[in-house]
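Listed here are the chains, written in short residue letters.
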Amino acid sequence: MLKDNVLKKLNEQIQLEHYSANLYLAMSSWCKVNGLDGSARFLYAHSAEEMMHMHKLFNYINETGSMALVSSIDAPQTEFKDLRNVFEKTFEHEKLVSARINDLVELAFAEKDFSSFNFLQWYVAEQHEEEALFLGILDRMDVIGFDGRGLYMVDKEIGKLSTVASQGPA
Ligand code: FEO
């Protein structure tokens, strides 16, 4: 069984990962209706990854004999200024997720909950990858630029990064 304070924070993380999935799905929809099919596909696939992050926490909590909670989550933003704005927000959001994971790791260690501490290492590594991924997209935008066919090229490049492209919208 998990200590109450660790359990509370793990359940809050479930909520945040679920919110992340919905945020990226909302962004995917915005991209799709604005003709940015590559980005729509990438964000749709990334939303599925966030659900996997959520389920991993859910299963871990239940395996310890504690109760994983499915709580209400706020509706995500649905309007964005432009494509760069979408990805600036993904990067900011991932930095927030990393900060929450770090807090959780610190708490697990302080509580001598080494099982949770060990479990959370996967998220530490994952957050490093996610921040690098989204920062890389912003860098790519800066290199290609948005002049002329720039937006088309940027969107195409982002589409290529999609891990499960075949599951995304056409
Ligand atoms: Fe599950 Fe992108 O953080």
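Treat the numbers as computed from the prediction; the structure is a model and nothing was measured. (Residues numbered from 1 in each chain as written. Predicted model: local features only at pLDDT ≥ 70, side-chain atom pairs only at ≥ 80, totals over all residues. Heavy atoms only, no water.)

Overview of the nonpolar core
Here's step 1: Judged by nonpolar contacts, the single largest core of 20 residues is most densely connected at Leu43, Leu83, Phe87, Met141 and Ile158.
Here's step 2: Looking at this core, the elements that each hand over two or more residues are helix H1 (4-33), helix H2 (37-63), helix H3 (83-110), helix H4 (114-144) and helix H5 (150-160).
Here's step 3: Beyond its immediate stretch of four places on either side in the chain, Ile158 contacts Gly38, Ser39, Phe42, Leu83, Phe87, Ile137 and Met141.
Here's step 4: If you look at the next biggest cluster of nonpolar residues, it comprises 19 residues, including Val6, Ile14, Leu57 and Phe119. (Core = buried A, V, L, I, M, F, W, Y, C linked by side-chain atoms within 4.5 Å. Buried < 20%, exposed > 50% of the residue type's maximum accessible area, 1.4 Å probe, protein only. Helix = DSSP H or I, 4+ residues; strand = E, 2+ residues; numbered from the N terminus. Contact = heavy atoms within 4.5 Å.)

Description of empty space enclosed by the protein
Here's step 1: Per the counting criterion, the structure on display carries 1 cavity of 30 Å³ or more.
Here's step 2: There is about 40 Å³ of room inside the largest cavity.
Here's step 3: With 3 residues, H1 is the largest single contributor of residues to the lining of the largest cavity.
Here's step 4: Residues of the lining of the largest cavity, tallied by class, amount to 5 nonpolar, 3 polar and no charged. (1 Å grid on protein atoms, 1.4 Å probe; cavity = no way out; pocket = protein on both sides within 12 Å on 5 of 7 lines; lining within 4 Å. Points joined across faces, edges and corners; volume = space filled by probe spheres on them. Nonpolar A, V, L, I, M, F, W, Y, C, P; charged D, E, K, R; others polar.)

A word on H2
Here's step 1: Its 27 residues give H2 an end-to-end C-alpha distance of 39 Å, which sits within 8% of 39 Å, the value for a rise of 1.5 Å per residue.
Here's step 2: Positive phi shows up at Gly65, right after H2, with a value of about 90 degrees. (Expected span 1.5 Å × (residues − 1).)

Description of the side chain of Glu126
Here's step 1: Residue placement: Glu126 occurs in helix H4.
Here's step 2: At 8.6 Å, Lys56 is the nearest oppositely charged side chain to Glu126, a buried residue that forms no salt bridge.
Here's step 3: Every residue in contact with Glu126, bar those within four places of it in the chain, is listed here: Glu49 and His53. (Lys, Arg positive; Asp, Glu negative; His and termini not counted. Salt bridge = Lys/Arg side-chain N within 4 Å of Asp/Glu carboxyl O.)

With respect to the pattern of salt bridges
Here's step 1: Within this structure, the stated rule accounts for 10 salt bridges.
Here's step 2: Residues Lys9 and Glu12 are paired through a salt bridge, measuring 3.6 Å at the closest nitrogen-oxygen approach. Placement of the pair is Lys9 and Glu12 together in helix H1, with a separation of 3 residues, close to one helical turn.
Here's step 3: Using a relative accessible area of 37% as the deciding quantity, one classes Lys9 as partly exposed.
Here's step 4: Accessibility expressed as a relative area gives 30% for Glu12, which makes it partly exposed.
Here's step 5: With its nearest N and O atoms 2.9 Å apart, the salt bridge here joins Asp142 to Arg84. Note that Asp142 is positioned in helix H4 and Arg84 in helix H3, a separation of 58 residues in sequence.

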